[in-house]
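# Understanding the architecture of this molecule
Spelled out, the chains give:
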Amino acid sequence: MDGSFRKIDIDQYDEDVLLESELYEPDSRDPAQVLSDAKQKAATVRQSLARGDTAGALAAVLDGAPYGPNVEEAKNLNLQTVVSILNSTKATEILNIVRVLSPDAQDTLMKYLYKGMALPGWGDVSGSVLLGWHEKLTEAAGTGCIVRAMTDRRLV
Amino acid sequence: MAPPELYALGQNPTAISSHAFNANRTEVAVSLNSNDATIWERQGHEWKQTETLAEHDKLITSIDWAPNSNRIVTCAQDRNAYVWQQSPDPQTGRMIWKPTLVLLRINRAATHVRWSPNEDKFAVASGARAIAICSFDPEGDWWVSRLLKKPIRSTVLSVDWHPNNVLLAAGSADMKARVFSAYIKDVDKRPGPCVWGDKFPFNTICAEYTSHAGGWVHSVGFSPSGDVLAFASHDSSVSIAYPGADSIVYTIKLTSLPLLTLAWTSENSLIAAGHDCQPLVFSGSHDGWELSGTLDDPNANKTGSGAARAGLGGASPVGRLNSAAFNTFRNADSRGISNVPGSSGPSAESELFTVHQNTITSVRAYEGAPGDVARVSTSGVDGKLVVWDVAQVSPISVTSNIVGRLAGVRI
């Protein structure tokens, strides 16, 4: 049977169609700006990590994380930066680090953990590291943080 | 300290879809997850079913009982609403409830219904991306509706009336809480200006707020004065919005599961409940809001199983997850211990530490004038109806880590 009808974009015939862009406030920065911000943050994080300031590095990378369409490169770069922090942190320090994050940063970190889990084997993402962080973050920020990571359409 | 009054309606607990008390709280109309609404009369500490309101042919979603005109309105997934009025039976002379069909003109399920403060209108929220504002037409001798449509993009989940009988708040699955004008020329006097605006033709949008992290707005409520709007959404947050030139929205992010329903108890406090199975108390003012506690005292000995509670409580940081059900699976998973269901009594098996044993879907004022509510009633999926004293607030730190935090203020 011919299945090509399944590929027709039926939404284009619906005048009431709800567009992705109507579901959340778009990022006010333009994509090039977002990418250069992400690059700058990657550099800041490397400096902070060299000083041993993991909490500061994490707070910096989670602030103004790229979301929305057309910023794939910046998203990947930011994910890489987050993962590098996650991987370089000792398991015993995690709880103290996530506790001092702002509630917004905690929610953003949870989004990155889930994104990482959705990309097994991407870069140096390691499932056991992510699960370790997930456990501690849930301990600090509760199940509400997981709920927000799932409901929020501003995907990182 | 009086413990919360706990009632189970009927022998087998069935989820309560909705509940509404009459004016003097001697009767309650509920729908036990069915096509029928039932009326129960208080007899001492028990409730006895006296009547069944059977007319809907799909699940009833919401019930409201007008205290002064003593009329009940029900709405259901069959896209209909009925107004029920008591009249004497021509044969026996006994008072019975007579239904009147309301022409809602919606093509999806009705989800929520509320009488206006003057009881001359009611609003029906629906899945048809519309709210039907219904008023009585004496010439046709029926209830007619006008639809609020724009700019709703998804199912409307809840409505709440402003005390001026004109403005209506609505929360919907497009992640917005809105304030509409539901002004009907033949019914309403022209309202005076208020914080939400000066002129209110039908379907004026007076305010629109987006939930913090993009969750469905499950519940909305005007403060007793009508000058403040609170809404609870599925991103586990509750927001309190002050309109006007210096518009402020306070958002409290919870560490626990999302709230589904809320009710104001005074101008400075409200009670909200949901998937976390306990009523939480929020308090604040124009300067800020915070989670101040819970009405569900975790240390109280409830329903004779306090020992089981004490044995389970407080150990896990993840609060509610530390239930017997959770432990059963954890034991099976990590230690290979299988626990045969029912071996140690199925009820004790999966008991939560809270009074409600499942999601609370409705919280309503029970006693006291608007703005000075002394007690609230809750009902939920566990089929329990509970009446709480709002003054008995337990600090939240006792119940594991369910802590609300004040998030950034959005201006």
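Please refer to the structure higher up on the page.
Presented here is an overview of the structure given in this document. For clarity, every value in this text was computed on a predicted model and none was experimentally measured.

All right, on to the overall build of chain B then. Scanning chain B for helices and strands turns up three helices and 29 strands. For chain B, the residues scored as buried account for 53% of the 411 residues in total. Intrachain contacts of chain B at a sequence separation of at least 6 include 51% that bridge at least 24 residues. Of the roughly 17300 Å² of accessible surface on chain B, a fraction of 51% belongs to carbon and sulfur atoms.

Here the focus is the sheet that holds strand β4 (residues 36–43) of chain B. All names here are of chain B. Strand order in the open sheet formed by four strands is β2-β3-β4-β5, with antiparallel pairing between adjacent strands. Since the sheet does not close on itself, it has two edges, and those belong to β2 (18–21) and β5 (46–54), each with one partner. Adjacent strand axes in the sheet meet at a mean angle of 25° when their direction is disregarded. Pairing of β2 with strand β3 (residues 27–31), which is carried by four bridges, proceeds in the antiparallel orientation. Counted as the bridge partner of A20 is A29 from β3.

Residues and elements named next belong to chain B. With respect to burial, strand β22 (residues 259–266) is a largely interior element, eight of its eight residues being buried. As paired strands, β22 and strand β23 (residues 269–274) are joined by six bridges and run antiparallel to one another. Bridge pairing in β23 places L262 opposite A272. Linking β22 to β23, which pair antiparallel, is a turn of two residues.

This next bit is on the sheet that holds strand β24 (residues 280–285) of chain B. All names here are of chain B. Pairing within the open sheet is antiparallel, and its four strands lie in the order β22-β23-β24-β25. Every other strand in the sheet has two partners, leaving β22 and β25 (288–294) as the edge strands with one partner each. On average, adjacent strands in this sheet sit at an angle of 25° to one another, irrespective of strand direction. For β23 and β24, the ladder comprises four bridges, and the chain directions are antiparallel. In the sheet register, L270 faces β24, and the bridge partner there is F282.

Residue and element names in this part refer to chain B. With an omega dihedral of -5°, the bond running from K150 to P151 counts as a cis peptide bond. Mapped onto the secondary structure, P151 falls in the loop between β13 (142–148) and β14 (156–161). Notably, D141 is not glycine yet its phi reads approximately 55°, a positive angle. Within the secondary structure, D141 is located in the loop between β12 (131–137) and β13. With relative accessibility at 56%, the residue D141 sits in the exposed group.

Residues and elements named next belong to chain B. Overall, the coordinates contain zero disulfides over all chains when judged by the stated rule. C134 takes part in no disulfide bond, and the closest cysteine sulfur, belonging to C75, lies 9.8 Å away. C134 gets classed as buried once you look at its relative accessible area, which sits at 0%.

Procedures and definitions
- Residues numbered from 1 in each chain as written.
- Chains lettered and ligands numbered in written order.
- Predicted model: local features only at pLDDT ≥ 70, side-chain atom pairs only at ≥ 80, totals over all residues.
- Heavy atoms only, no water.
- Helix = DSSP H or I, 4+ residues; strand = E, 2+ residues; numbered from the N terminus.
- Buried < 20%, exposed > 50% of the residue type's maximum accessible area, 1.4 Å probe, protein only.
- Contact = heavy atoms within 4.5 Å.
- Areas by Shrake-Rupley, 256 points an atom, 1.4 Å probe, with all protein chains shown as cover.
- Pairing = 2+ DSSP bridges.
- Axes fitted to C-alpha atoms, helices over the stretch in contact; angles between N-to-C directions.
- Disulfide = S-S within 2.5 Å.

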